[in-house]
Amino acid sequence: MRLLLVSANRERSPYPVFPLGLACLVPSLEAAGHELRALDLCFEADPEEAVTAALADFTPQAVIISVRNIDNVTWPGSRSYVAGVKAIVDRCRGIATTILGGSGFSLMPAELLAFTGGDLGVAGEGEEILPELLACIERGESPAGLPGVVAGAGAFAPPRPVERIAAPDRRLFALARYRREGGMANIQTKRGCPFGCIYCTYPLLEGRRMRLRPTAEIVAELRELADAGIDYVYFVDDIFNYPPDFAEELCRAMIASGLTMGWSAFINPQFITPRLMESMVAAGCDAVEFGTDSGSPAMLRNLGKSFGVAQIRESSRICRELGVDFAHYILFGGPGETPATIAESFALMDEVAPTAVIAMTGIRIFPGTPLFERAVAEGMVTPDEPLLEPTFYLAPAIRDVLGELVTDGAMTRRNWVAPGLEINMSDAMLEAMRHFPVRGPLWKLIKRLGRSHAKPLSQPQ
């Protein structure tokens, strides 16, 4: 079949993200004999017209639409993407079979398929099941019962995780442009998350059982990227440094390979030791991001974190001593949040002195998570409430003052960024920063830039 692969993601803040999920589909689709063409809407001035032109030029029999995110998970400055996906499906209707997939789609597959009017959907990992679905279509057979395949509003069989995570094939996409405008490429070394953060969707998307790629295969992919001109990568794993022995093994393999590529990753404070961080630095790591969430012991427990304040302090100390830029991500507004717990987070961040603190206000509620169950129990949402539009958990004790509390604290600290409130960072500032010769996360530039002015708070939805 002729297949048009469409990356629907158009979000460029804080930087454009290469469509890794679609690239992972390419090997199995080509092996099944399909003819492929890709359309990346991230850089298109008129995405709907770009879809129409691709349909006319390529005349595909099916359009695979990858939905990376439903919205920007940011309060109060939330942006929904679902209308844009529907517009793409509308352009394809009557011309080709539309099949939706991707991480965003997989969070609410039946709801998103119904909203967009797509023909079919694939929830979960698509490398193995999508070729099976296409074979059913070619034979004129019903895909009912295929794992993860959504054909309507009814129930569908649970997704089937792939056992072997294949290396992506990036040749159909503008890798050089992502390097030029985003400063880096992305790479994945594992899937699955065994941790219990109450808001997190990774266990829903990838399962709790971790599946690791062979380190030799990862290094080969890194070398392929280097040969293509990439000099900086971001490891998109939920947690790079777990399991710790796997992270250590990968770092040793990268060092042995002689690669001189810079990189950064998202890490857990619980599993950082001086030895592991030294290995990471020797392998090219110059920045890390901690999924810290809070500086309050009570809030760390409420959010289901696996670590405490002592580990946040120790992992920060290790980064400072080794000269590694580091950022802590903080989530304000979760269950049990009060003005006192917010003050604890500010105090701890002042103490550990990271390069940057990225503060998110409110926590996006997704079905299937413990946070959703908590929100239902507290009457914030109903069990059958549609959540396609951004819906956030805001603790009752701070619901009416959260924005003001975070604004007051963050505006007096130059290393704090609050995207939803546009404090110390704005979309315009991010666009300007992309002109700097920086590789890796843009927050590393905070040390070199002044502070922008905060914009007025928008009202809670």
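All values reported here derive from a predicted model rather than from experimental measurement.

Cut-offs used in this document
Residues numbered from 1 in each chain as written. Predicted model: local features only at pLDDT ≥ 70, side-chain atom pairs only at ≥ 80, totals over all residues. Heavy atoms only, no water. 1 Å grid on protein atoms, 1.4 Å probe; cavity = no way out; pocket = protein on both sides within 12 Å on 5 of 7 lines; lining within 4 Å. Points joined across faces, edges and corners; volume = space filled by probe spheres on them. Helix = DSSP H or I, 4+ residues; strand = E, 2+ residues; numbered from the N terminus. Nonpolar A, V, L, I, M, F, W, Y, C, P; charged D, E, K, R; others polar. UniProt positions renumbered as here; feature names shortened; annotations may be inferred. Pairing = 2+ DSSP bridges. Contact = heavy atoms within 4.5 Å. Axes fitted to C-alpha atoms, helices over the stretch in contact; angles between N-to-C directions. Domains from an automatic or database assignment. Buried area = accessible area lost by both parts, 1.4 Å probe. Salt bridge = Lys/Arg side-chain N within 4 Å of Asp/Glu carboxyl O. Polar contact = N/O pair within 3.5 Å; in protein donor to acceptor, adjacent residues only side chain to side chain. Parallel < 35°, antiparallel > 145°, perpendicular 65-115°, else oblique. Left-handed = near helix turned anticlockwise from the far one by under 90°.

Draft legend 1. View of the layout of surface pockets. What the second largest pocket holds in volume is close to 380 Å³. When contributions to the lining of the second largest pocket are tallied by element, the ones reaching two or more residues are helix 4 (103-107), helix 5 (109-116) and helix 8 (202-206). Considering every element that reaches the lining of the second largest pocket, the biggest residue donor is helix 8, with three residues. Of the residues that constitute the lining of the second largest pocket, the class distribution is 14 nonpolar, four polar and five charged.

Draft legend 2. View of the UniProt feature "domain: B12-binding" (unreviewed entry) in the protein. Under the feature "domain: B12-binding" (unreviewed entry), the UniProt entry names residues 1-144. Taken end to end, residues 1-144 has its terminal C-alpha atoms 20 Å apart, with 41% of it in helix and 17% in strand.

Draft legend 3. Summary view of the sheet that holds strand 2 (residues 35-40). Taken together, the six strands give an open sheet; going across it, the order is 2-1-3-4-5-6, and neighbouring strands pair in mixed fashion. The outermost strands of the open sheet, each flanked by one partner alone, are strand 2 and strand 6 (149-150). As judged from the five bridges shared by strand 3 (residues 62-66) and strand 4 (residues 97-101), these two strands associate in the parallel manner. Note on strand 4: the bridge partner recorded for Ile 65 is Leu 100. Helix-sheet contacts for helix 3 (residues 82-92) involve strand 1 (2-7), strand 3 and strand 4, and the interaxial angle to strand 4 is about 160°.

Draft legend 4. The domain arrangement of the protein, seen in detail. Domain boundaries assigned for the protein yield domain 1 (2-150) and domain 2 (177-448). One C-alpha centre belongs to domain 1, the other to domain 2; they are set 27 Å apart. With 33 residues of domain 1 at the interface, the matching set in domain 2 holds 35 residues. Together domain 1 and domain 2 conceal approximately 3,100 Å² of surface at their shared face, both sides included; 63% is due to carbon and sulfur atoms. Where domain 1 meets domain 2, there are five salt bridges. On inspection of domain 1 and its partner domain 2, the count reaches 10 residue pairs in polar contact (both at pLDDT 80 or more). Sorting the residues of the side of domain 1 that touches domain 2 by element identifies helix 1 (20-31), helix 4 and helix 5 as the ones contributing at least two each. In terms of residue class, the side of domain 1 that touches domain 2 is made up of 19 nonpolar, seven polar and seven charged.

Draft legend 5. The UniProt feature "domain: Radical SAM core" (unreviewed entry) in the protein, seen in detail. UniProt marks residues 179-405 with the feature "domain: Radical SAM core" (unreviewed entry), using the numbering shown here. Secondary structure within residues 179-405 divides into 40% helix and 19% strand; the distance between the first and last C-alpha atoms comes to 37 Å.

Draft legend 6. Geometry of the packing of helix 3 against helix 5. Interaxial distance between helix 3 and helix 5 falls to 9 Å at its minimum, and their mutual angle equals 55°. Put simply, helix 3 runs oblique to helix 5. The chirality of how helix 3 crosses helix 5 is right-handed. Residues Val 82, Ala 83, Val 85, Lys 86, Val 89 and Asp 90 of helix 3 form the contact with helix 5, whose own contacting residues are Leu 112, Phe 115 and Thr 116.

Draft legend 7. Molecular detail of the sheet that holds strand 7 (residues 185-187). What the seven strands build is an open sheet, ordered 7-10-11-12-13-14-17; its pairing is parallel. Of all the strands in the sheet, just strand 7 and strand 17 (416-417) have a single pairing partner and so form its edges. Bridge analysis of strand 14 (residues 356-361) against strand 17 gives two bridges, and the strand direction is parallel. Paired with Ile 358 across the two strands is Val 417, which belongs to strand 17. Those strands touched by helix 13 (residues 309-322) are strand 12 (285-293) and strand 13 (325-332), and its axis lies near 155° from that of strand 13.

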